[in-house]
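# Reading the structure
Okay, here's what each chain looks like letter by letter:
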Amino acid sequence: MHKDRDADLVNDCKRGDRRAMAQLVSQYERPVYNAAYRILGNADDAADTTQTVFLKVFEHIGDYDPKFRFFSWIYRISINESLNQVKKRRHQEPLAESQASPWRSPEEHMESEKLSDRVQGALMELNGEYRTVVVLKHMSGCSYQQISDILQIPEKTVKSRLYTARQLMKKSLRTAEF
Amino acid sequence: MNEPTQNDQLKVDQHVLDLLNGSIDGELSTAEQAELDDLLAGSARVRELNTELRALTDTLDGVPEKQPPEYLHNAIISQVRLPVAADQKPGLISKWLAAPWMRTGLALAAGVLMTVGIYQTGSENLSPEDAARMTGTVLKNPAGVLLDSTRFQSGAMNGNAELRSKGGLLSIDIHLESDGEALFSLGFAGQSLELVSVNGLNNPEVDVAVSDDSVKVTGSGTQHYELLLRSTAESAANSESNPPGPIALEFFADSVLVHEAELDSSQ
């Protein structure tokens, strides 16, 4: 989000500065983890994916093109890595019920947790393309332009996917007594 | 004029939905917003759709953030390998020492030295307590058992501290990243504890000040060190019946307190 500051930190990382690396991790750990969590619907997978994302980011830090925002680059890697995990998971054994349906929470959950779980349930019913735009727009707070940069698709496609995804989520949440 | 077909009606609905979505996201032009305002004023159905869509987006925007697990930050930091700066690239001797055949040779040599060391230590008259402590410290669980931890991020300093029970001692593992001067203060007044050692200080600019009931470590940049404390209670039984209370930690960045915590050692 802070283009110049991020660019400085990236340059310091390219020179082997671990303090700059730690600052970038501190800055982006939470957004990367949250995006992964919302796409994967599982805390353990989100943590594993977040680690993988940062390892890839710093492994390829020398390839990063400063013409683009670091924010867009790390989000793109996060989304791609999360969607790859979703694909891999499809080919593996079915998840336990508690993982496959995290929104079916026990009654004693706090109200915010219930909301979070219910929305997560509706998100998990969307396909990867729709889920990604909803996560980037509503959980990561990205604009149409930023989503377009991250996913490398036209803004028109962002809008179209987002609007359709919202309609689908509305139906899904209504079904779940939203 | 032709009557509107069902398809035309669908197109109109989609156009209205596009306007409603665009309005909620603040992405409409002035003309588009004016068109939507007219539609809202003239149609109860459009107003209903607008209310539903706003409720949905408010719900989505209100989903609370998830807190990443405590271990994640350090797990990432510890695994990342950065490119080595040109002025820090290893010289010929470092490359030679890093060669696989040399690493194998050094490992074998270290094994021989360790065996000799253990033999020599074992030949001394150790008490059973000393032997038990050595086993606990060196072999049984070198990482110790995590009792409590704290972590913080401020503009000037980030860090974490982990309190562990380790071979009969208390270990406090400190990781700090700071731009300016970082002061870490550990207080254990009235806790029947004393400092055994501060390990891992490889930065000569770090300053350690020790008193009977506190330790202060001052440094800057990336710091990682471990403080070992032991109980001064008269006997182990006494120590167990009166375990040390909370251990107070304070972190200052350029003399400004940025984080304080109490770690519980009684678990």
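Residues numbered from 1 in each chain as written. Chains lettered and ligands numbered in written order. Predicted model: local features only at pLDDT ≥ 70, side-chain atom pairs only at ≥ 80, totals over all residues.

### Some details on the overall build of chain B
What counts, and what does not: Going along the chain from the N terminus, every DSSP run of H or I of four or more residues is numbered as a helix, and every run of E of two or more is numbered as a strand. Partly exposed residues are those whose C-beta has more than 12 but fewer than 20 other C-beta atoms within 10 Å; with 20 or more the residue is buried, with 12 or fewer it is exposed, and the C-beta atoms are placed from the backbone. By definition, residues are in contact whenever their C-beta atoms, placed on the basis of the backbone, come within 7 Å of each other.
When its secondary structure is counted, chain B shows eight helices and eight strands. Relative to its full complement of 267 residues, chain B shows a buried share of 20%. Here the analysis covers contacts within chain B between residues at least 6 apart in sequence; of these, 56% occur between residues at least 24 apart.

### What to know about the overall build of chain A
A count of helical and extended segments in chain A gives nine helices and zero strands. Ordered by position from the N terminus, the helices and strands of chain A form the series α-α-α-α-α-α-α-α-α. Within chain A, the proportion of its 178 residues that are buried is 39%. Nonlocal contacts in chain A, meaning residues at least 24 apart in sequence, comprise 62% of its contacts between residues at least 6 apart.

### Let's talk about helix 2 (residues 18-40) of chain A
Residues and elements named next belong to chain A. As a reminder of what qualifies: One axis fitted to the seven residues ending at a residue, another fitted to the seven starting there: the angle between these axes is the bend at that residue.
The sharpest bend along helix 2 measures roughly 45 degrees and falls at Tyr28, with the proline Pro31 sitting one to four residues further on. In terms of burial, helix 2 is largely enclosed, as 17 of its 23 residues are buried. Two residues or fewer past helix 2, Gly41 is found with a positive phi of approximately 70 degrees.

### As for the packing of helix 8 (residues 144-151) of chain A against helix 9 (residues 155-175) of chain A
Residue and element names in this part refer to chain A. Note the following rule: Note on method: axes are straight lines fitted to C-alpha atoms, helices fitted across the in-contact stretch only, with angles between N-to-C directions ranging 0 to 180 degrees. Roughly parallel refers to an angle under 35 degrees, roughly antiparallel to one over 145, roughly perpendicular to one between 65 and 115, and oblique to any angle outside these ranges. Three classes are used: nonpolar for Ala, Val, Leu, Ile, Met, Phe, Trp, Tyr, Cys and Pro, charged for Asp, Glu, Lys and Arg, and polar for all others, with Gly counted as polar.
Closest axis-to-axis distance for the helix 8/helix 9 pair is 9 Å, and the angle between their directions is 105 degrees. By the angle class used here, helix 8 and helix 9 are roughly perpendicular. On the side of helix 8, the interface is formed by Tyr144, Gln145, Ile147 and Ser148, while helix 9 contributes Glu155, Val158 and Lys159. Residues that form the contact of helix 8 with helix 9 fall into these classes: three nonpolar, two polar and two charged.

### Focus: helix 3 (residues 43-59) of chain A
Side chains three or four residues apart in an α-helix point the same way, a direct result of the helix having 3.6 residues per turn. This is how it is decided: Working rule for helices: expected span equals 1.5 Å times residues minus one.
With 17 residues, helix 3 of chain A should reach 24 Å at 1.5 Å per residue; the first-to-last C-alpha distance of 24 Å fits that figure. Every buried residue of helix 3 of chain A is listed here: A:Asp45, A:Ala46, A:Ala47, A:Thr49, A:Thr50, A:Val53, A:Phe54, A:Val57 and A:Phe58.

### As for the interface of chain A and chain B
Taken residue by residue, the interface counts 35 residues in chain A and 35 residues in chain B. Among the elements that take part in the side of chain A that touches chain B, helix 2 of chain A stands out by supplying eleven residues, more than any other. Partitioned by chemical class, the residues of the side of chain A that touches chain B number 18 nonpolar, nine polar and eight charged.

### Regarding unusual backbone geometry
Look at B:Asp254: it is not a glycine, yet its phi comes out positive at around 50 degrees. Taking the number of C-beta atoms within 10 Å as the measure of exposure, B:Asp254 has 14 and is therefore partly exposed.

### Some points on the nonpolar core
Where we set the bar: Each nonpolar core reported here comprises buried Ala, Val, Leu, Ile, Met, Phe, Trp, Tyr and Cys residues connected via C-beta atoms within 7 Å.
In terms of nonpolar packing, the biggest core is built from 52 residues, with A:Val25, A:Ala35, A:Ala36, A:Ile74, A:Val134 and A:Ile147 touching the most fellow members. Looking at this core element by element, the count peaks at twelve residues for helix 2 of chain A. Formed by 22 residues, the second largest nonpolar core is a distinct cluster that contains B:Ala161, B:Leu163, B:Leu170 and B:Leu229.

### A few points about the environment of A:Ile77
Residues and elements named next belong to chain A. For Ile77, the location among the structural elements is in helix 4 (residues 70-90). The spacing of Ile77 and Val53 is 24 residues in sequence and 6.4 Å in space, taken between C-alpha atoms. Those residues in contact with Ile77 that lie beyond four places of it in its chain are Val53, Lys56 and Val57.

### Thoughts on the confidence of the model for chain B
All names here are of chain B. So the rule is basically this: pLDDT gives the predictor's per-residue confidence on a scale running from 0 to 100.
Model confidence for chain B is summarised by a mean pLDDT of 73, while 67% of its residues fall at 70 or above. Across residues 110-142, confidence stays below pLDDT 50; counting only partners more than four residues off in sequence or on other chains, it has seven contacts. Scoring of the predicted complex yields 0.56 for pTM and 0.84 for ipTM.

### Things to note about the packing of helix 9 of chain A against helix 3 (residues 44-61) of chain B
Packed helices, taken two at a time, are described by their axes: the angle between them and the distance between them. In contact at an axis separation of 10 Å, helix 9 of chain A and helix 3 of chain B are set at 90 degrees when each is read in the N-to-C sense. Between helix 9 of chain A and helix 3 of chain B, the crossing angle belongs to the class labelled roughly perpendicular. Every residue of helix 3 of chain B that contacts helix 9 of chain A at A:Arg166, A:Met169 and A:Lys170 is listed here: B:Glu52, B:Leu53 and B:Leu56. In the contact of helix 9 of chain A with helix 3 of chain B, the residues fall into three nonpolar, no polar and three charged.

### Comments concerning the pairing of strand 5 (residues 207-210) of chain B
All names here are of chain B. In plain terms, the rule: Strands are labelled as partners when DSSP assigns at least two bridges between them.
Summarising the sheet, strand 5 and strand 6 (residues 214-231) pair through four bridges and their orientation is antiparallel. Bridging across to strand 6, Ala209 finds its partner in Lys216. Here strand 5 folds back onto strand 6 in antiparallel fashion, the turn holding three residues.

### Focus: the confidence of the model for chain A
Reading fine detail from the predicted coordinates is not recommended where pLDDT is low. Per-residue pLDDT for chain A averages 85, and the proportion of residues at 70 or more is 84%. The low-confidence segment residues 93-106 of chain A, where pLDDT is below 50, has 14 contacts with residues more than four positions distant or belonging to other chains.

### A short note on the environment of B:Ile24
Residues and elements named next belong to chain B. With respect to the element layout, Ile24 can be found in helix 1 (residues 6-24). Separated by 33 residues in the primary sequence, Ile24 and Thr57 place their C-alpha atoms 8.1 Å from one another. Those residues in contact with Ile24 that lie beyond four places of it in its chain are Leu53, Arg54 and Thr57.

### As for the pairing of strand 2 (residues 157-166) of chain B
Residues and elements named next belong to chain B. For strand 2, the buried fraction is high: nine of the ten residues fall into the buried class. Here strand 1 (residues 145-153) runs beside strand 2; their pairing, made up of eight bridges, is antiparallel. Opposite Val145, over in strand 2, you have Ser165 as the bridge partner. Linking strand 1 back to strand 2 in an antiparallel pair, the connection comprises three residues.

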